[in-house]
Amino acid sequence: MAIRKILTEKETALRTVCRPVTEFDARLWQLLDDMADTLHKADGVGLAAPQVGVLRRLFIMDLGDGVVEAINPRLVDPQGVQEDVEGCLSCPGEYGITRRPMTVTLVAQDRHGKEFTLTGSELLARCICHENDHLDGVLFKEHVVRMLGPGEI
Ligand code: NI
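Residues numbered from 1 in each chain as written. Predicted model: local features only at pLDDT ≥ 70, side-chain atom pairs only at ≥ 80, totals over all residues. Heavy atoms only, no water.

A. The sheet that holds strand β5 (residues 95-100), seen in detail. Spatially, the three strands line up as an open sheet ordered β4-β5-β8, and their pairing is antiparallel. Whereas interior strands pair on both sides, the edge strands pair on one side only; in this sheet they are β4 (82-87) and β8 (144-147). Averaged over all pairs of adjacent strands, the angle between strand axes in this sheet comes to 25°, irrespective of strand direction. Bridging between β4 and β5 involves six bridges; their strand directions are antiparallel. Bridge pairing in β5 links Q82 to R100. Across the sheet, helix α2 (residues 123-134) lies against β4 and β5, angled at about 55° from β4, the strand it touches most. (Pairing = 2+ DSSP bridges. Helix = DSSP H or I, 4+ residues; strand = E, 2+ residues; numbered from the N terminus. Axes fitted to C-alpha atoms, helices over the stretch in contact; angles between N-to-C directions. Contact = heavy atoms within 4.5 Å.)

In C-alpha cells form, the structure reads like this:
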C-alpha cells in the first residue's frame, strides 16, 4: 500500500486515450490498492489510473460506502439530465456546474476479470461519467455549463 502522486491537468497523461487492462495480476491489484490509499488521503470520490500516470482503462470510486473498482469500463443506457457542481483531484481549486446524465449503467470487470454492472443516479452517475472520461483524456471542464468563481466555492 502506498500513496501515489496525483498528476495535474498540465501532464499529458491527463490528455491521453488509455489502453485496456489485459493482465489481472498482482501488479494490477497493487495499483488498485495504491489508488484507494491515494483517493482516501486526497478525500476524493473517484480516481482514474491516468491521474497517477498509468495509461490503462481503470478507475475507482468511493462515495462513502466502500471502494468500487471498474476495469475496462463502458457506459450504457444514459437517462435524463442533471446539472451539479463538479471538481477533479487533477484540477485543484477549480469547480464548475456540469451537465451529465441523471442515471447511467456502468459495465466493467472487477480485479479478477469478472464482469459486473452498476446502475447509478445523481452523484454516482456523475462520478461514473467523470472517471470514465479520464480514460479518454477528457476532463470535467469539457462538460461545464459554468465555472464557479472564488466566492461561490
Ligand atoms: Ni477527475
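B. Summary view of the environment of A125. As for its position among the elements, A125 is in helix α2. Of the residues examined, A125 reaches a relative accessible area of 0% and is grouped as buried. Along the chain, A125 and V104 lie 21 residues apart, while their C-alpha atoms are 5.6 Å from each other. Discounting chain neighbours no more than four positions away, the residues touching A125 are Q82, P101, M102, T103, V104 and G120. (Buried < 20%, exposed > 50% of the residue type's maximum accessible area, 1.4 Å probe, protein only.)

C. Quick peek at the pattern of salt bridges. Tallied over the full model, the rule gives 13 salt bridges. In this structure, the salt-bridge partner of E9 is K141, at a minimum N-O distance of 2.6 Å. On the criterion of sequence distance, the pair formed by E9 in the segment before α1 (26-42) and K141 in the loop between α2 and β8 is long-range, its members being 132 residues apart. Taken together, the salt bridges that share partners define one network made up of E9, R15, E94, K141 and E142. (Salt bridge = Lys/Arg side-chain N within 4 Å of Asp/Glu carboxyl O.)

D. Structural context of the coordination of the nickel ion. Bound to the nickel ion are the protein donor atoms C88 (SG), H130 (NE2) and H134 (NE2), situated 2.1 to 2.2 Å from the metal. Sequence spacing of the donor residues for the nickel ion, all on one chain, is C-x41-H-x3-H. Placement of both H130 and H134 in helix α2 is noted, with a separation of four residues, approximately one turn of the helix. For the pair H130 and H134, a shared accessibility class is recorded, and that class is buried. (Donors = N, O, S within 2.8 Å, 3.2 Å for Na, K, Ca; no water.)

E. Structural context of the sheet that holds strand β7 (residues 115-121). One open sheet holds the five strands; their spatial order is β1-β2-β3-β6-β7, and the pairing between them is antiparallel. Pairing within the sheet leaves two strands with one partner each, and these edge strands are β1 (46-48) and β7. Strand after strand, the sheet turns through a mean of 40° between neighbouring axes, direction not considered. Helix-sheet contacts for α1 involve β1, β2 (58-62) and β3 (67-79), and the interaxial angle to β2 is about 40°. Contacting β1, β2, β3, β6 (103-109) and β7, α2 crosses the sheet at an angle of about 125° to β7.

F. Region of interest: the nonpolar core. Counting 13 residues, the largest nonpolar core has L28, L32, M35, L47, L58, I60 and I71 as the members making the most contacts within it. When contributions to this core are tallied by element, the ones reaching two or more residues are α1 and β2. Examining the composition of this core, we find that six residues originate from one element, α1, more than from any other. Ignoring sequence-local partners within four residues, the contact set of L32 consists of L58, I60, E69, I71 and R111. (Core = buried A, V, L, I, M, F, W, Y, C linked by side-chain atoms within 4.5 Å.)

Purely spatial values, then, with no claim about function.
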